[in-house]
Amino acid sequence: MANRPSGLFAALARRLSALRQARGFWGDLQVFAGVALAATVVALALNARTAITTPFRFIENLTYDFRIARIAPPSQKAFVIVKMDDAADAAMSDASPCHCLAPINKAWLGDLLAALDKKGVKAIAVDYLLDTWSSKEEFEDFEKRVADTKAPIIVGVDPQRKPGVDYPVDPKLHYADSRALVHQDYDNVIRDYDPKPSRMRALAAEVVAALGKSPPTKPFAIRYRAPYPGLTAENTGAVAPSYSAAYAAVLPDSYFKDKIVFIGAVARSAHADADSLPEDMHATPLRYLPGHDAGTPGVEIHVHALSQMLAGDRVRTPTPLVVGLIVFIAALGGAALGRGDMRWWAAIGIVLSGLVVSALVAFLVFYAFAFALPMTTPVVSFAIAFFIMSRLAAAELQTQRAFYSSTLERYLAPQVIDNIVEGKEAVKIGAEAREITVMISDLENFSNLVATLPLDTFQHVINGYLDGILEILWNHGAMIDKMTGDGVIVMFGAPVAYPDHADRALACARAIDAFAEVYREKMIAEHGVFGATRMGLDSGVGLVGNFGGERRFNYTAYGEVVVIAARLEAANKTFGTRILFSSETLRRATATAGAKAVGEVQLKGVPVPVAAYTLT
């Protein structure tokens, strides 16, 4: 009998199959929706933003960063960066009585601000904290140096310190929260900007307000700009032209006129052994572009955010509900494809194709609408749903095959069933010549048994007898051609070709004879009647295959080998034996111990006498 498939998927497949049968189309729909929903939940969980980012979330971040960096709007010409590099640090140090670099020399900075203002700049943003003063005189000196400036000057302060209490306030200055760069994932990549992290605006947002415009109030995804064209060497990859603060005062006014100037630390250098440490450098989506491999200067990130705020564009991201819907639709597609019967390489091809399609759609949508669709999550949900549904389909198919086999085994030989169910052999009319051994058995005085026993008793007796014989036949690989009520016609060597078909047949005959004698004695003791089992065997070439009509046929054998086996079975009555087999069977067998010659027998329908043997 076929074994019932076991395991988690087999158990689920049986439950789902019962659901489909009970509810029809709606049950099938429930199965698809349930698998898709489960895949959606798992995919979203694997891609969630948590303290410990999963590999799937890491890949999602990479695909997002790649789109941000490669599909970036051009940089604007409204900005200039005055960088605090090696030369600027040296100039500031020389101008300082203590020749120190921190805190920033306020007198030197005041002169720099005044010089830039005279060049006609639109605004100046200082990416340094100006809430620490060594003395009242230092602050007053700074006030005098910037007193005549006309452009708004925006500086950073610690929002925890109170203006006018913890530090003096210059009415010429606009004060901004020094915090703005938002780290959302464990990889510490700056993807978002907070324009108002406290009661104070951030640096770039305060610049917008100083220019008389309304800045945003909620964090937003930074849409990074493409590098400013033509910049090389240490300025490679910068968002705007960059000049050292050491030389800004002597550069032409045209470099700065009507520009928004940002002053900040820029650690890029044309040589590896620069004196300045790489301070205020951050990983951003631009990190795969030239000039950003060691990080992007914080002052440039402020410029990117300001450029976006002034342009009014933004990165559009779907709401959690839309993301869930997209992932669910992808899971439905995976579940639908997983329902089909396909090979493993086709399944892998489908998943990879889903990845390619997802990536292509995500890039096209971002290019056209700056809409950042999730890329990894739909593919993960598609793959999970595809795997679950394909495994359920395989388990269901296995369960069906087991059911068909267990049912058909009551009518057909296991070998034939295997060929049909596994598709190894076409189910069609046809035959071939095959060397086989045929064995035919018969129960002595069967008619007397039928007439003597009550129906219920007869049914019990004959079924017990046949169950024992069939079990022995299956154990020896016999192909059961047909059952004749009290006997069977079987063959060895077809449809499975056994080279030892004669040995199998003789061993099977011995086992059946032993069982039948024990069973006969038991039945005589219980019911007083039961005959002996007689068997005839012959080996030779026979025609085996499917014989019949197009509507119905049977796997059977024809030929003289069948006739001789039948005649030898009947001849047992004449010789008082229970097993008779021909010399052809003896010649092909190797285990012939106990074989005894009976003599030559003239069999009806056979032209020449047949040498017959029995087993002692």
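Structural notes, computed from the coordinates. (Residues numbered from 1 in each chain as written. Predicted model: local features only at pLDDT ≥ 70, side-chain atom pairs only at ≥ 80, totals over all residues. Heavy atoms only, no water.)

Pairing is antiparallel in the open sheet, where three strands are placed in the order 5-6-7. This sheet does not close on itself; its edge strands, each paired only once, are strand 5 (181-183) and strand 7 (220-221). (Pairing = 2+ DSSP bridges. Helix = DSSP H or I, 4+ residues; strand = E, 2+ residues; numbered from the N terminus.)

Here the focus is helix 15 (residues 560-575). With 16 residues, helix 15 extends 22 Å from end C-alpha to end C-alpha; this agrees with the ideal 22 Å at 1.5 Å per step. At Glu569, helix 15 is deflected by roughly 25°, the largest bend along its length. Along helix 15, the residues that are buried comprise Val561, Val562, Ile564, Ala565, Leu568, Glu569, Ala571 and Asn572. Looking at the residues trailing helix 15, positive phi occurs at Gly576, about 70°. (Expected span 1.5 Å × (residues − 1). Bend = angle between axes of the 7 residues up to and from the residue. Buried < 20%, exposed > 50% of the residue type's maximum accessible area, 1.4 Å probe, protein only.)

Attention now goes to the pairing of strand 17 (residues 579-582). With burial as the criterion, each face of strand 17 is covered, one bearing Ile579 and Phe581 and the other bearing Leu580 and Ser582. Bridge count for strand 15 (residues 533-548) against strand 17 is three bridges, and the pairing is parallel. Bridge pairing links Leu537 to Phe581 in strand 17. In the sheet, strand 17 pairs with strand 19 (residues 610-615) via two bridges, with the strands oriented antiparallel. Residue pairing across strands places Phe581 opposite Tyr613, the latter belonging to strand 19.

In this section: the sheet that holds strand 1 (residues 79-84). The parallel open sheet is built from six strands, whose spatial order is 4-3-2-9-1-8. Each having just a single partner strand, strand 4 (173-177) and strand 8 (242-244) make up the two edges of the open sheet. Sheet twist, expressed as the average angle between the axes of neighbouring strands with direction ignored, equals 25°. Taken strand by strand, helix 3 (residues 86-95) contacts strand 1 and strand 8, and its axis lies near 60° from that of strand 1. (Axes fitted to C-alpha atoms, helices over the stretch in contact; angles between N-to-C directions. Contact = heavy atoms within 4.5 Å.)

Inspection of the entire model under this criterion finds 15 aromatic pairs. Measuring from ring centre to ring centre gives 5.7 Å for Phe66 and Phe363, while their planes differ by 75°; the resulting arrangement is edge-to-face. Placement of Phe66 in helix 2 (residues 55-70) and of Phe363 in helix 9 (residues 344-369) is noted, with a sequence separation of 297 residues between them. Using a relative accessible area of 40% as the deciding quantity, one classes Phe66 as partly exposed. (Phe/Tyr/Trp six-rings, centres within 6.5 Å; stacked < 30°, edge-to-face > 60°.)

Empty space within the second largest pocket amounts to approximately 680 Å³. Residue lining of the second largest pocket: 27 residues in total, with Arg49, Arg57, Thr317, Pro318 and Val323 positioned closest to the centre. Among the secondary structure elements, those contributing two or more residues to the lining of the second largest pocket are helix 2, strand 6 (190-193), strand 7 and helix 8 (320-338). Considering every element that reaches the lining of the second largest pocket, the biggest residue donor is helix 2, with five residues. Each residue belonging to the lining of the second largest pocket can be placed in one class, and the counts come to 13 nonpolar, seven polar and seven charged. (1 Å grid on protein atoms, 1.4 Å probe; cavity = no way out; pocket = protein on both sides within 12 Å on 5 of 7 lines; lining within 4 Å. Points joined across faces, edges and corners; volume = space filled by probe spheres on them. Nonpolar A, V, L, I, M, F, W, Y, C, P; charged D, E, K, R; others polar.)

Sheet topology note: the strand 13 (residues 479-483)/strand 14 (residues 488-492) ladder contains four bridges and is antiparallel. The residue bridging Lys482 from the neighbouring strand is Ile489, located in strand 14. Between strand 13 and strand 14, which follow one another and run antiparallel, lie four residues, and Gly485 among them has a positive phi close to 95°.

Below, the discussion takes up the packing of helix 4 (residues 106-118) against helix 5 (residues 136-146). One can describe the packing of helix 4 onto helix 5 by two numbers: an axis separation of 8 Å at closest approach and a directional angle of 10°. Between helix 4 and helix 5, the interaxial angle falls into the category roughly parallel. Facing Lys106, Ala107, Leu109, Gly110, Asp111, Leu113 and Ala114 of helix 4, the residues of helix 5 in contact are Glu138, Asp141, Phe142, Arg145 and Val146. Broken down by class, the residue content of the contact of helix 4 with helix 5 amounts to six nonpolar, one polar and five charged. (Parallel < 35°, antiparallel > 145°, perpendicular 65-115°, else oblique.)

For the coordinates displayed, the defined rule picks out 23 salt bridges. Here Glu206 and Arg201 are joined by a salt bridge, their closest N and O atoms 3.3 Å apart. Here Asp513 and Arg578 are joined by a salt bridge, their closest N and O atoms 2.7 Å apart. Here Arg578 lies in the loop between helix 15 and strand 17 and Asp513 lies in helix 14 (residues 501-527), a separation of 65 residues in the sequence. Each member of the salt-bridge network shares a partner with another, and the members are Asp65, Asp187, Arg191 and Arg287. (Salt bridge = Lys/Arg side-chain N within 4 Å of Asp/Glu carboxyl O.)

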